[in-house]
Amino acid sequence: MIRNGYRQVVAILSLSLVTYFGCAQNTIAAEFLSAPEIRQNSNPAVPLAALLSFESVGASATRIKIDDGERRWNVHYDRVPSIDKPLPILGMRPDREFEITVAILDAQGREVVAPGLIQYETPALPTDSYEWPSYEILKSDPSRMEPGITIVQVRRWPLSRPQQMTPAQRNFVSDYGMLLGFDETGEVVWYYKPEHSLGGFERLDNGNILYSSTSAGGVIEIDMLGNKLNIWYGENHDPGRSEGVKALPLGVRYLHHQPAPARNDTFLAFSVEPKTVPNYFTNEYDPIPRKEGLSSYWMLS
């Protein structure tokens, strides 16, 4: 009986200790260890985005309130920022002054608001007509729109067919690409301007964007801050890899048109490969019409 009684006492004490320490962990109060700071996105490809950073303890979520004098909205994050992973702030209109309130929440949802308001001003849109497209919003009916932003692709193209372009015209096309994000009123609140052309794109389930680029030679995945995450590229192309970017070379000339996300984190894409075909028919763009012999062409696969 003494041995059984000892075992019972041990069991009771163990249960009491677990309960006590569990309560102690849940009573850690959320607290700011440093004042919140907001700075412009470090990637110049997405200049309207901003980054929120601060240090805290006992917090598991972040909530911010954004006010530009005309619009007010809240953003909830299921995490707090870390040293190497600040929180992105998206959807702010250009050339505006914003007042932003930052709060943290503990595991029970109790909120602690950082003292004071953060003042932040977004940059203006580019004015160079060579770089920035002209557009007109004819009608906007927010009641019939999905929430969020509408992203459209922008390309440059001279009034001629590809076979008739001069080298300068080809550079005019191949070195330019852009994605524009409009809010429900037709205002630009986000845009992405890479250093290469930009073809078809898809928004992925994880929130990133997948797009093709013939001048970059492949398909690229970026986050909403414009950071490249993954690159699939063809031969004879430099994908411009940087630290943290995964790049996979493929045995084709390049990928093109809109990539189509498939199952298990894969996608489908067209590729271009040079092939040689006997007695291939001529066309009006050949400098010297060919009537026989070997001719080469680009095969889409």
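Residues numbered from 1 in each chain as written. Predicted model: local features only at pLDDT ≥ 70, side-chain atom pairs only at ≥ 80, totals over all residues. Heavy atoms only, no water.

Enquirer: Go over the sheet that holds strand S11 (residues 150-154), please, and point to the residues and values.
Expert: If you trace the three strands from one edge of the open sheet to the other, you get S11-S12-S13, paired in antiparallel fashion. The sheet is open, and its two edges are formed by S11 and strand S13 (188-192), each paired on a single side. In this sheet, neighbouring strand axes are inclined to one another by 25 degrees on average, regardless of whether the strands run parallel or antiparallel. Here four bridges tie strand S12 (residues 178-182) to S13, and the two strands are oriented antiparallel to one another. Counted as the bridge partner of Leu180 is Tyr191 from S13. (Pairing = 2+ DSSP bridges. Helix = DSSP H or I, 4+ residues; strand = E, 2+ residues; numbered from the N terminus. Axes fitted to C-alpha atoms, helices over the stretch in contact; angles between N-to-C directions.)

Enquirer: Give a description of the side chain of Asn230 that names residues and reports values.
Expert: If you trace the backbone, Asn230 turns up in strand S17 (residues 228-233). Residues within four places of Asn230 in sequence aside, it is in contact with Val219, Ile220, Glu221, Val245 and Lys246. (Contact = heavy atoms within 4.5 Å.)

Enquirer: I'd like a description of unusual backbone geometry, backed by residues and values.
Expert: Phi is positive for Asp95, close to 55 degrees, though the residue is something other than glycine. Here Asp95 lies in the loop between strand S7 (87-89) and strand S8 (97-105). At Asn264, a residue that is not glycine, the phi angle is positive and equals roughly 55 degrees. Position of Asn264 relative to the elements: it lies in the loop between strand S19 (254-261) and strand S20 (267-278).

Enquirer: Residue-level account of the layout of surface pockets, with values.
Expert: Computed from the structure, the second largest pocket encloses a volume of approximately 680 Å³. Along the lines of polarity and charge, the residues of the lining of the second largest pocket split into seven nonpolar, eight polar and six charged. (1 Å grid on protein atoms, 1.4 Å probe; cavity = no way out; pocket = protein on both sides within 12 Å on 5 of 7 lines; lining within 4 Å. Points joined across faces, edges and corners; volume = space filled by probe spheres on them. Nonpolar A, V, L, I, M, F, W, Y, C, P; charged D, E, K, R; others polar.)

Enquirer: Outline a negative patch on the surface, listing residues and values.
Expert: Together, Asp95, Glu97, Glu99 and Glu121 make up a region of like negative charge exposed at the surface. Looking at the secondary structure, you find Glu121 in strand S10 (residues 118-121). Using a relative accessible area of 47% as the deciding quantity, one classes Glu121 as partly exposed. (Patch = residues over 30% accessible without salt bridge, like charges linked within 9 Å, V, L, I, M, F, W, Y side chains within 5 Å. Areas by Shrake-Rupley, 256 points an atom, 1.4 Å probe, with all protein chains shown as cover. Salt bridge = Lys/Arg side-chain N within 4 Å of Asp/Glu carboxyl O. Lys, Arg positive; Asp, Glu negative; His and termini not counted. Charge placed at Lys NZ, Arg CZ, Asp CG, Glu CD. Buried < 20%, exposed > 50% of the residue type's maximum accessible area, 1.4 Å probe, protein only.)

Enquirer: I'd like to hear about the packing of aromatic side chains, residue by residue, with values.
Expert: All told, the structure shown has seven aromatic pairs when counted by the stated rule. Consider the rings of Tyr135 and Phe182, whose centres lie 5.3 Å apart with planes at 80 degrees: the pair is edge-to-face. Of this pair, Tyr135 sits in the loop between S10 and S11 while Phe182 sits in strand S12, and the two are 47 residues apart along the sequence. The ring of Phe172 carries Arg156 above its face, with NZ or CZ at 4.2 Å from the centroid. (Phe/Tyr/Trp six-rings, centres within 6.5 Å; stacked < 30°, edge-to-face > 60°. Lys NZ or Arg CZ within 6 Å of the ring centre and 35° of its normal.)

Enquirer: Tell me about the sheet that holds strand S18 (residues 246-249), residues and numbers included.
Expert: Pairing is mixed across the open sheet formed by five strands, whose spatial order is S14-S15-S16-S17-S18. Where the open sheet ends on each side, the last strands, each with one partner, are strand S14 (201-203) and S18. Along the sheet, successive strands turn relative to each other by an average axial angle of 10 degrees, direction set aside. The sheet contact formed by S14 and strand S15 (residues 209-213) spans three bridges and is antiparallel. Note on S15: the bridge partner recorded for Phe201 is Tyr211.

Enquirer: I'd like a description of the pattern of salt bridges, backed by residues and values.
Expert: Applying the stated criterion across every chain, the model contains nine salt bridges. The shortest N-O distance in the salt bridge between Arg93 and Glu70 comes to 3.6 Å. Highlighted residues: Arg93 in the loop between S7 and S8 and Glu70 in the loop between strand S5 (61-67) and strand S6 (72-77), separated in sequence by 23 residues. Of the charged contacts, one joins Asp183 and Arg93 as a salt bridge, the two residues approaching to 3.1 Å between their closest N and O atoms. Residue Asp183 is found in the loop between S12 and S13, and its partner Arg93 is found in the loop between S7 and S8; the two are separated by 90 residues along the sequence. Grouping residues by exposure puts Asp183 and Arg93 together as buried. By sharing partners, the salt bridges in this structure join Glu70, Arg71, Arg93 and Asp183 into a single network.

Enquirer: Requested: an account of the confidence of the model for the protein, with residues and values cited.
Expert: Low pLDDT means the predicted atomic positions in that stretch should not be read closely. When pLDDT is averaged across the protein, the result is 83; 81% of the residues are at 70 or more. In the predicted structure, residues 1-25 sits below a pLDDT of 50 and forms zero contacts with residues beyond four places in sequence or in another chain. This stretch, residues 293-297, has a pLDDT under 50; its non-local contacts, to residues over four places away or in other chains, come to 19 contacts. (pLDDT = per-residue confidence, 0-100.)

Enquirer: Describe in detail the side chain of Ser212, supporting the description with residues and values.
Expert: In this structure, Ser212 sits in strand S15. In this view, Ser212 contacts Ser197, Leu198, Gly199, Gly200, Gly218, Val219, His256, His257, Gln258 and Pro259; residues no more than four positions away in its chain are not counted.

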